[in-house]
Every structure is written in structure tokens, then in C-alpha cells.
Amino acid sequence: QVQLAESGGGTVQAGDSLRLSCAASGSTFSGNVFGWYRQAPGKQRELVASISSIGTTGYADSVKGRFTISRDNAKNTVYLQMNSLKPEDTAVYYCKVFRSTGDSWGQGTQVTVSS
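Draft legend 1. Structural context of the state of the cysteines. Following the criterion strictly, the structure yields one disulfide and no others. Between the sulfur of C22 and that of C95 lies a disulfide, 2.1 Å long from S to S. Since a negative S-S torsion denotes a left-handed disulfide, the C22-C95 link at about -80° is left-handed. Of this pair, C22 sits in strand β3 (residues 18–25) while C95 is found in strand β9 (residues 91–98), placing the two residues 73 residues apart along the sequence. For C95, a relative accessible area of 0% gives the class buried.

Here is the structure:
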């Protein structure tokens, strides 16, 4: 079983930056694929960014060039650096780990961007 804990959310103004962290425990970290998702009120949860065990990354079109996902295997932590934030980035952000034995989600962290 893997436990995930997100942190770093908050309320910022448009154009500001935030860095989200996802700390993982309870299983081997380095071999797993991780993703950051977000869910805005009244909308479906969507994949924002992902990172493979070897560091290959992927992004939703809406965040390309603004968000960067990274991982620190020594700290068992995945990050999401969010720059040039927009009001439409407002959502609860979730970390997810993809595993053959079952995926796990964190509890989420709120990001609010005011115009």
C-alpha cells in the first residue's frame, strides 16, 4: 500500500507561481509512475501531468509551457511547479501513483487563483 500526501496549495493571484509536493511512503518509489490531476467544481477530474520512472514527462495542453512535473527519488517526492497561474487553474489538485497492484490517490490540495 502506498500513502500519498500533497502539500503546497494556496490562494494566489493570476500570474503567480506555486509548487505542489506529493510525498509518498509505504512502497518502492523509484519504479512507479506518478500523475498530477485536478478537479474544478462541477467538472471531471483531469490529468494535468505525469512522470515515468525514468523521468519521461507528459502534460495536458492547457498547462504546457507553464507547469513542470519532477521527481526526487531520494526524497520519495513528486513536484508540480506551476507558473503563470490563471483563474482557470483553480481546482483541487491530486497526486496519483500507478501500480500493477492498484493505484493510490492523495487527499488533494486546493489551489485558488484570483484574477
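Resuming the write-up.
Draft legend 2. Spatial organisation of the pairing of strand β11 (residues 109–114). Here β11 shows one buried face, formed by T109, V111 and V113, and one open face, formed by Q110, T112 and S114. Strand direction decides the pairing type here: strand β2 (residues 10–13) and β11, joined by four bridges, are parallel. The residue bridging G10 from the neighbouring strand is V111, located in β11. In the sheet, β9 pairs with β11 via three bridges, with the strands oriented antiparallel. Bridge pairing in β11 places V92 opposite Q110.

Draft legend 3. Representation of the environment of F34 within the structure. Positionally, F34 belongs in strand β4 (residues 33–39). For F34, a relative accessible area of 1% gives the class buried. The sequence separation of F34 and S84 amounts to 50 residues, and the corresponding C-alpha distance is 23 Å.

Draft legend 4. Geometry of the packing of aromatic side chains. If you walk through the whole model with that rule in mind, you get two aromatic pairs. For the ring pair Y94 and W105, a centre distance of 6.3 Å and an interplane angle of 90° mean the geometry is edge-to-face. Of this pair, Y94 sits in strand β9 while W105 sits in strand β10 (residues 104–105), and the two are 11 residues apart along the sequence. Three or more aromatic residues link up through ring pairs in this structure, and these residues are Y37, Y94 and W105. Looking at R45, its charged tip hangs above the ring of Y94, at a distance of 3.7 Å from the centre. A cation sits over an aromatic face here: R45 above W105, 4.6 Å from the ring centre.

Draft legend 5. Region of the structure containing the nonpolar core. Ranked by size, the top nonpolar core spans 28 residues in total, and within it F34, W36, L80, M82 and Y93 carry the most contacts. Listing elements by their share of this core, those giving two or more residues are β3, β4, β5 (46–51), β7 (67–72), β8 (77–82), β9 and β11. Those residues in contact with L80 that sit more than four places away from it in its chain are L18, R19, L20, W36, V48, A49, F67, T68, I69 and Y93.

Conventions and cut-offs
- Position numbers for residues start from 1 in each chain and track the written sequence from start to end.
- Given that this is a predicted model, residues contribute local features only at a pLDDT of at least 70 and side-chain atom pairs are listed and counted only at 80 or more, while totals for whole chains, interfaces and linings are drawn from all residues.
- The basis for the side-chain values is all heavy atoms of the structure; hydrogens and waters are excluded.
- Working definition: a disulfide is two cysteine sulfur atoms within 2.5 Å of each other.
- Only DSSP runs of H or I reaching four residues or more are called helices, and only runs of E reaching two or more are called strands; each is numbered from the N terminus.
- Partly exposed describes any residue whose relative accessible area lies between the buried limit of under 20% and the exposed limit of over 50%, with all areas from a 1.4 Å probe on protein chains only and scaled to the type maximum.
- Pairing between strands is defined by DSSP: at least two bridges between them are needed.
- Ring pairs are drawn from Phe, Tyr and Trp, using the six-membered ring of Trp, whenever the two centres fall within 6.5 Å, and their geometry is named by plane angle: stacked under 30 degrees, edge-to-face over 60, tilted for the rest.
- Whether a charge lies above a ring is judged from NZ of Lys or CZ of Arg, which has to be within 6 Å of the ring centre and within 35 degrees of the ring normal.
- Note on terminology: a nonpolar core comprises buried Ala, Val, Leu, Ile, Met, Phe, Trp, Tyr and Cys residues joined through side-chain atoms within 4.5 Å.
- We call two residues in contact whenever any of their non-hydrogen atoms come within 4.5 Å of each other.

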